[in-house]
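Observations on the three-dimensional arrangement
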Amino acid sequence: MTTKRKKASNGKGDSKLTNLDNAKYSKVFSIIGKCISLFFLIIYIFILIFILYNIIFTIYSTITESKIKKTYDAVEGVLVRYKDCKNDEESSICNALYEYQVNGDIYTVSLDLEKETDSYPKKETVYYNPNNPNISIICRYRN
């Protein structure tokens, strides 16, 4: 019966194998690290785009509302009814119709926010074009 003896290691052969393995793993981990960095960079860019969009929309809405309030006349509108209601067991979500009066004529404007009927105010400020009172808006961008 023969017995196999293990070679005594002088450390030279093992270190070559270890260096090759380390080089492979280093390359793999470098690629994985770059992929993870790229993934987070893409997420970061999407978050920045989302934030910039919201900032631009807020600025645009504020400027538009300011222009409307400067150039249009204001009158009080009264909630008259709801339209496009979606009912479920607990609540009713609708758009509101407000009537306002200019020079004895009655006009209607819709507030399309799709909120519960209880959350609409009974009276609302309506801004209308003095040259054409049929063109009107209720400024509620941030509400």
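Everything that follows concerns the structure shown earlier in this document.
An account of the accompanying structure is given in this report. For clarity, every value in this text was computed on a predicted model and none was experimentally measured.

1. A short note on the nonpolar core
- Within the largest apolar cluster, 12 residues are counted, these being Leu79, Ala96, Tyr98, Tyr100, Val102, Tyr107, Val109, Leu111, Tyr120, Val126, Tyr128 and Ile138.
- At the level of secondary structure, the elements contributing two or more residues to this core comprise strand 2 (92–102), strand 3 (105–116) and strand 4 (123–129).
- Leave out the neighbours within four places in its chain, and valine 126 touches Asp73, Ala74, Val75, Gly77, Tyr100, Val109, Ser136, Ile137 and Ile138.

2. Considerations on the packing of aromatic side chains
- Under the definition given, this model contains 4 aromatic pairs.
- Here the aromatic rings of tyrosine 53 and phenylalanine 57 are separated by 6.4 Å at their centres, their planes lie at 15°, and the arrangement is stacked. Residue tyrosine 53 and its partner phenylalanine 57 are both found in helix 1 (residues 12–71); the two are separated by 4 residues, about one turn of the helix.
- By relative accessible area, which is 53% here, tyrosine 53 ends up exposed.
- Looking at phenylalanine 57, the relative accessible area reads 41%, which means it is partly exposed.
- Pairing tyrosine 100 with tyrosine 128 gives two aromatic rings, centres 6.2 Å apart and planes at 20°, and the pair type is stacked. Remark: tyrosine 128 occurs in strand 4 and tyrosine 100 occurs in strand 2; sequence separation between them is 28 residues. There is no split in this pair, since tyrosine 100 and tyrosine 128 are both buried.
- In textbook terms, an aromatic cluster arises when at least three aromatic residues are bridged by ring pairs, as seen for Tyr100, Tyr107 and Tyr128.

3. Let's talk about the pairing of strand 4
- By the criterion of burial, strand 4 is predominantly enclosed, with 5 of the 7 residues buried.
- Summarising the sheet, strand 1 (residues 73–87) and strand 4 pair through 6 bridges and their orientation is antiparallel. Residue pairing across strands places glycine 77 opposite glutamate 124, the latter belonging to strand 4.
- Relative to strand 5 (residues 132–137), strand 4 is paired through 3 bridges, and the arrangement is antiparallel. Paired with tyrosine 128 across the bridge in strand 5 is serine 136.
- Between strand 4 and strand 5, which pair antiparallel one after the other, the connecting turn spans 2 residues.

Conventions we followed
Residues numbered from 1 in each chain as written. Predicted model: local features only at pLDDT ≥ 70, side-chain atom pairs only at ≥ 80, totals over all residues. Heavy atoms only, no water. Core = buried A, V, L, I, M, F, W, Y, C linked by side-chain atoms within 4.5 Å. Buried < 20%, exposed > 50% of the residue type's maximum accessible area, 1.4 Å probe, protein only. Helix = DSSP H or I, 4+ residues; strand = E, 2+ residues; numbered from the N terminus. Contact = heavy atoms within 4.5 Å. Phe/Tyr/Trp six-rings, centres within 6.5 Å; stacked < 30°, edge-to-face > 60°. Pairing = 2+ DSSP bridges.

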